[in-house]
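Examination of the molecular architecture
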Amino acid sequence: MNKKELLSLCGSMEQVAGVRRIEYQDGRASALRCALVKSGPLEYALMLDKCLDPAWITYKGINLSILTKPGLQGRNPYDTAGGEAVRSIMGGAMFTCGLDHVHGNRQVDGVEYPVHGRMRTTPAEKVGMDAWFDGDDYRIQVRGEMRQGRIFGENMVLRRRVETVYGSRTIRIRDEIENQGFAPEPLCLLYHCNAGYPLLAPGTRILLPDASCTPRDSDAQKGMKDRFTMGAPKTGEPEQVFQHVLAADEEGNTFGAFVNDELGLGLCIRWNVKQIPYMTQWKSEAAGDYAAALEPTNVGFEGRGGRTQLLQSFETHVNELSFTVIEGAEEIRELEREKEQLVNKIRNEIK
């Protein structure tokens, strides 16, 4: 529909699309602020106190993401409290790991880094939100700025913009990271993109244009054969983690997707390997912790302990990624064909 046709049917656009700031009032979520976006059958919540990360994505009322045992929560004393920081991981459709550390709690050169870094619990400043007609497109946008800094240390700023268009099933995220300090700083980034029930269920497939895969440990080595399929929940099942290099097109574009054939739904994450070169895959079939994640990243398993990207003083790095809901058997087949084309491209280059 064009703008005139749409407004002829809607008293207010908010009956079909818009964004509202809300605040939770109960339990550990008390005072947690959220930008709740509705765009037709697509809904997602951006946590203003958690790096503008999407706490969930739903489509036609169907949940696509995970909410872990700790549940929704605002900032708390164990956000960055070493190993205890796992108690603040609520999962969500995505949480941002970084900016100087992305993996588990560890010490490097005498400095302690909390689980998945500090950015995922950093509140947004300079928050703006809007919904407006751009020609015949009705755009919904939320933006803000997160800062990681310390006296006599780093001064890193992440500016984020999250946008969708009414009638689209795509959410676009643009991150601009600037080193506003006067010395080079390591940049470690990982976008922890999570699927949960009912999208994630026994039989759910993971589509990746895989060029290479490295298991993290012996548990992952045992799961190499079945890494692209979710099995049934098992009590005490150890998690499995894999590091991938993915095939990409000539411009560097690639993707990963969760596909539930029974529901006829998928969730596709897209990014560019020139900006974000690797992808970590997390698979957990543990009962009560049933989850999976596709995690575009710029570091390997060693994270801060290994070779990292270095951001020079006042240098800026830009990342762009998107979430798209895939619906119906034909769209799933089209995604499978895209995967095969990218994989065949790599095979032909090797020949």
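This text goes with the structure placed above it.
Reading guide: rules and limits
- Residues numbered from 1 in each chain as written.
- Predicted model: local features only at pLDDT ≥ 70, side-chain atom pairs only at ≥ 80, totals over all residues.
- Heavy atoms only, no water.
- Pairing = 2+ DSSP bridges.
- Helix = DSSP H or I, 4+ residues; strand = E, 2+ residues; numbered from the N terminus.
- Buried < 20%, exposed > 50% of the residue type's maximum accessible area, 1.4 Å probe, protein only.
- Lys, Arg positive; Asp, Glu negative; His and termini not counted.
- Salt bridge = Lys/Arg side-chain N within 4 Å of Asp/Glu carboxyl O.
- Polar contact = N/O pair within 3.5 Å; in protein donor to acceptor, adjacent residues only side chain to side chain.
- Contact = heavy atoms within 4.5 Å.
- Core = buried A, V, L, I, M, F, W, Y, C linked by side-chain atoms within 4.5 Å.
- Axes fitted to C-alpha atoms, helices over the stretch in contact; angles between N-to-C directions.

Some points on the sheet that holds strand β4 (residues 53-59)
One open sheet accounts for 5 strands, arranged β1-β2-β3-β4-β5; its pairing is antiparallel. Strands at the two margins of the open sheet, each flanked by one partner only, are β1 (17-23) and β5 (62-63).

Description of the side chain of R120
Among the structural elements, R120 can be located in the loop between β10 (111-113) and β11 (125-134). Of the side chains with opposite charge, D79 lies nearest to the buried R120, which makes no salt bridge, at 5.4 Å. At a separation of 3.5 Å, a polar atom in the side chain of R120 contacts the main-chain carbonyl oxygen of D79. At 3.4 Å, the side chain of R120 and the backbone oxygen of V115 are in polar contact. Non-local contacts of R120, meaning those with residues more than four positions away in its chain, are made with K50, C51, D53, D79, A85, S88, I89, F95, T96 and V115.

Thoughts on the nonpolar core
One finds F258 and F323 to be the most contacted residues of the largest nonpolar core, which totals 58 residues. Residues in contact with F323, not counting those within four places in the same chain, are I57, A93, M94, R169, T170, I171, I173, C193, L267, C268 and I269. By size, the runner-up hydrophobic cluster in this structure holds 10 residues, among which are L207, F255, I326 and L342.

So, the pattern of salt bridges
All chains considered together, the criterion is met by 32 salt bridges. A salt bridge links R139 to D134; its shortest N-O distance comes to 2.9 Å. For D134, a relative accessible area of 39% translates into the label partly exposed. Of the charged contacts in the structure, one is a salt bridge between K339 and E340, with a shortest N-O distance of 3.9 Å. What makes E340 partly exposed here is its relative accessible area of 36%. Connected through shared salt-bridge partners, K126, E145, R147, R159, R174, E176, E178 and E320 make up one network.

A word on the pairing of strand β25 (residues 316-327)
Pairing between strand β14 (residues 170-179) and β25: 9 bridges, direction antiparallel. Bridge pairing in β25 places I173 opposite L321. Sheet topology places strand β21 (residues 265-272) next to β25; 6 bridges connect them, and they run antiparallel. Directly across from L265, in β25, lies its bridge partner E327.

Overview of the sheet that holds strand β8 (residues 94-97)
Ordered by their spatial adjacency, 6 strands build an open sheet running β8-β16-β23-β22-β19-β18, and the pairing between neighbours is antiparallel. Unpaired on one side and paired on the other, β8 and β18 (210-215) mark the two borders of the sheet. Put simply, the sheet's adjacent strands are angled 25 degrees from each other on average, direction ignored. Both β18 and strand β19 (residues 240-246) contribute to a ladder of 5 bridges, which runs antiparallel. Bridged to P215 within β19 is F242.

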